[in-house]
Amino acid sequence: MDENIAMFTLSYILMCSCLVFRTVFTSFLSVENLCSAILGDEMDNFVMYHIKRTCCTLFIHSSLLLVYRLGVSWIANYPLVDDGLTIFNIIGILGIVMQTSACIIIYYWWSHNWKTHPISQNLMALGENESHYLNLGWHLNIDIRSPRKEVFRCSSLVDVVVTEKWIVKVSPYSLDLAQQQDAILTVVTTDTHAMAATGTGIAQFLNIKVNCTPHRENYTFYIRINVLDFKDLQEILRKRVIIPRNVTFYRSIADQFLDVFKEHVNQNPYYLPVEEIEPCVGCYTNPANVKLVKNCFDDVNDPCGNCNCKPMWCVSCMGQWFYSRQDEGHPESWLSSKCTCPLCRSVFCILDISLLDDVPNGNQGFHFVNRLD
Ligand SMILES: [Zn+2]
Ligand SMILES: [Zn+2]
Ligand SMILES: [Zn+2]
C-alpha cells in the first residue's frame, strides 16, 4: 500500500475512534459538539434534542466509509474509481450504500413527523394508546429539567439518566425509557474486571434489567452501572432494585478493598502463635487471627517497625483499620501504603500481616488450616 494511503488510513481510524467513542480528551469531536448548532439545548426539549442527535449520529457514522474513500483519492491522489473488484472500489460502494440507506431512514422518520423514530416508538410502548406518547414526551421534557437527577456513565457510548420519575438510557441511536412507577429493576449478572487504576485492583459492574410493562408486554432494556454507583441509584429510585440470592457484589469500595486485602494477607508467611488466642477486640465475634510480624525488606526512607503486641485482631477488622488509615483520594497507593499498629503505633505494611497458623506443632510441613478462601 502507498505510504500516503497508509498514513491517511491510520490517522482516519484514530479520528473515527475519537468520534465514535467519547472520551474526556476528545469530547470536541463528539456528535453533540459537532452538531450543536442543529441540536440546540438539551434541556429545552429533551425528546426532540435526542431525536435530532440520533439522526445526526446515524448520518455521521454512515458517512465514515464514504469520506474515507474520498479522502484516499484526495489526500493520496488515488483514482476515484479503480478497474475491477478492488478493496477501494468495495469500500466506495459500501460507503454509498450506507450513506444512502441512512438518508432514506432519516427521511422516513422526518416524513412521518418523527412518529416512526425509535424514541417515539419507545414512548408509545409506555402509553395507554399511541396518541398518549406526545403527552409522555412532554412530561419527560419537564421532569428532566428537575435538579434532582443522577447521570451514570455505563460505557463510552451509553449513559443512564435517572430522574425522580423516569429512567432514561441514552445510547447512540436511541433512548430507552421507563417510568419509575411502572419499572421493575432486577440485577441479572455482575462482572468483575482487573483495573490497575483503582487501588483495590478491580472494577465491578452490575447488569440490571429494566422491565416496564403495564401497557406493552416485554418492553425491557438493560443498563450497566459500576457497583460503586449502586447506592446513588438506589437513593433516587422509588422502588428497591431486586437482587436475586445467587447474585453477590461489593456494596462499597471498602468491601472491595477488604477482599483484595485478605487475598494479599493470605499469601504472607504464617505465624505460629505461642499466646493464648482471645476474641478479636474489634468485633468480639471472630477469634483474633492475625499478628503483625516484620516480613518485608527494609525500606530505607520509611522502615517498618517491630510490633510485640499479641494477636488481638481478626483479619477483617485489621483490613478495616488499614483501610481507614489510607488517603481516600489516592486509591492506587492503598496496597503499597503503610499503617500503624492500633495499639503500639509501630509502622507496618501489608506484607507484615501474618495469619495465625493454628496447628499446634510445627513439624507437619505446610499448614493451611487458617487459610482464607
Ligand atoms: Zn474482628
Ligand atoms: Zn503493636
Ligand atoms: Zn513492612
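Note that the structure is predicted; figures quoted are calculated from it, not measured.

Novice: Help me understand the overall build of the protein, please; the structure alone is not making it clear to me.
Specialist: Each helix and strand in the protein was counted, giving ten helices and eleven strands. Across its three principal axes, the protein shows a C-alpha extent of roughly 85 × 60 × 35 Å. Evaluated residue by residue, the protein yields a buried proportion of 24% over its 373 residues. Pairs at least 24 apart in sequence give 59% of the contacts found in the protein among residues at least 6 apart.

Novice: Help me understand the packing of helix 6 (residues 118–126) against helix 7 (residues 132–143), please; the structure alone is not making it clear to me.
Specialist: Viewed as axis vectors pointing N to C, helix 6 and helix 7 meet at an angle of 100°, and their least axial separation amounts to 8 Å. It follows that helix 6 is roughly perpendicular to helix 7 by the angle criterion. Where helix 6 abuts helix 7, its residues Ser 120, Leu 123, Met 124 and Leu 126 lie against Tyr 133, Leu 136 and Gly 137.

Novice: Before we go on, may I ask you to explain unusual backbone geometry in this structure?
Specialist: A negative phi angle is the norm for most residues apart from glycine, just as the trans form is the norm for most peptide bonds. If you check the backbone angles, Trp 114 has positive phi at about 65° while not being a glycine. Position of Trp 114 relative to the elements: it lies in the loop between helix 5 (87–111) and helix 6. Taking the number of C-beta atoms within 10 Å as the measure of exposure, Trp 114 has 16 and is therefore partly exposed. Backbone geometry at Tyr 284 places phi at a positive 55°, although glycine is not the residue there. Inspection of the secondary structure assignment puts Tyr 284 in the loop between helix 9 (253–266) and strand 8 (290–292). By the C-beta count within 10 Å, which is 10 here, Tyr 284 ends up exposed.

Novice: Looking at this structure, how should I read the sheet that holds strand 2 (residues 159–163)?
Specialist: Within a sheet, neighbouring strands are paired by backbone hydrogen bonds and run either parallel or antiparallel to one another. The strand order across the open sheet built from four strands is 1-2-3-4, with neighbouring strands paired in antiparallel fashion. Of all strands in the sheet, those with a lone pairing partner are strand 1 (149–153) and strand 4 (174–179), marking the two edges. Looking at each pair of strands side by side, their axes are set apart by 15° on average, direction ignored. With six bridges joining them, strand 3 (residues 166–171) and strand 4 adopt antiparallel strand pairing. In the sheet register, Ile 167 faces strand 4, and the bridge partner there is Ala 178.

Novice: Which parts of the structure should I look at to understand the confidence of the model for the protein?
Specialist: In low-pLDDT regions, the fine details of the predicted coordinates are not to be read closely. Averaged over all residues, the pLDDT of the protein is 85; the fraction at 70 or higher stands at 91%. Across the protein, the secondary-structure element scoring lowest on mean pLDDT is helix 9, at 85, and the one scoring highest is helix 5, at 94. Low pLDDT (under 50) marks residues 359–373, which in the prediction has 18 contacts with non-local residues, meaning those over four places away or in another chain.

Novice: What am I meant to see in the packing of helix 9 against helix 10 (residues 315–324) here?
Specialist: The packing of two helices is summarised by the inter-axis angle and the distance between the axes. Running from N to C, helix 9 and helix 10 point in directions that differ by 120°, and their axes come no closer than 9 Å. Taken together, helix 9 and helix 10 sit at an angle that is classed as oblique. Helix 9 and helix 10 meet at a crossing whose hand is right-handed. Residue-level contacts link Ala 254, Phe 257, Leu 258, Phe 261, Lys 262 and Val 265 of helix 9 to Val 315, Ser 316, Gly 319, Gln 320, Phe 322 and Tyr 323 of helix 10. Classifying every residue of the contact of helix 9 with helix 10 gives eight nonpolar, three polar and one charged.

Novice: Please clarify how the environment of Ser 156 should be interpreted in this entry.
Specialist: By secondary structure assignment, the location of Ser 156 is in the loop between strand 1 and strand 2. Through-space distance from the C-alpha of Ser 156 to that of Val 24 is 9.7 Å; in sequence the pair is 132 residues apart. Apart from residues no more than four positions distant in its own chain, Ser 156 is found in contact with Phe 21, Arg 22 and Thr 23.

Novice: Can you walk me through helix 9 in this structure?
Specialist: Along an α-helix, a turn takes 3.6 residues, which lines up residues three or four apart on a common side. Between its first and last C-alpha, helix 9 extends 20 Å over 14 residues, near the 20 Å set by a 1.5 Å rise per residue. When helix 9 is considered as a whole, its buried residues turn out to be Gln 256, Phe 257, Leu 258, Phe 261 and Val 265.

Novice: Help me out: how do you make sense of the environment of Pro 331 in this one?
Specialist: By secondary structure assignment, the location of Pro 331 is in the loop between helix 10 and strand 9 (338–340). For Pro 331, a count of 17 C-beta atoms within 10 Å puts it in the partly exposed group. Remark: the alpha-carbon pair of Pro 331 and Phe 257, spanning 74 residues in sequence, is separated by 9.4 Å.

Rules and cut-offs
- Residues numbered from 1 in each chain as written.
- Chains lettered and ligands numbered in written order.
- Predicted model: local features only at pLDDT ≥ 70, side-chain atom pairs only at ≥ 80, totals over all residues.
- Helix = DSSP H or I, 4+ residues; strand = E, 2+ residues; numbered from the N terminus.
- Buried ≥ 20, exposed ≤ 12 C-beta atoms within 10 Å, placed from the backbone.
- Contact = placed C-beta atoms within 7 Å.
- Axes fitted to C-alpha atoms, helices over the stretch in contact; angles between N-to-C directions.
- Parallel < 35°, antiparallel > 145°, perpendicular 65-115°, else oblique.
- Pairing = 2+ DSSP bridges.
- pLDDT = per-residue confidence, 0-100.
- Left-handed = near helix turned anticlockwise from the far one by under 90°.
- Nonpolar A, V, L, I, M, F, W, Y, C, P; charged D, E, K, R; others polar.
- Expected span 1.5 Å × (residues − 1).

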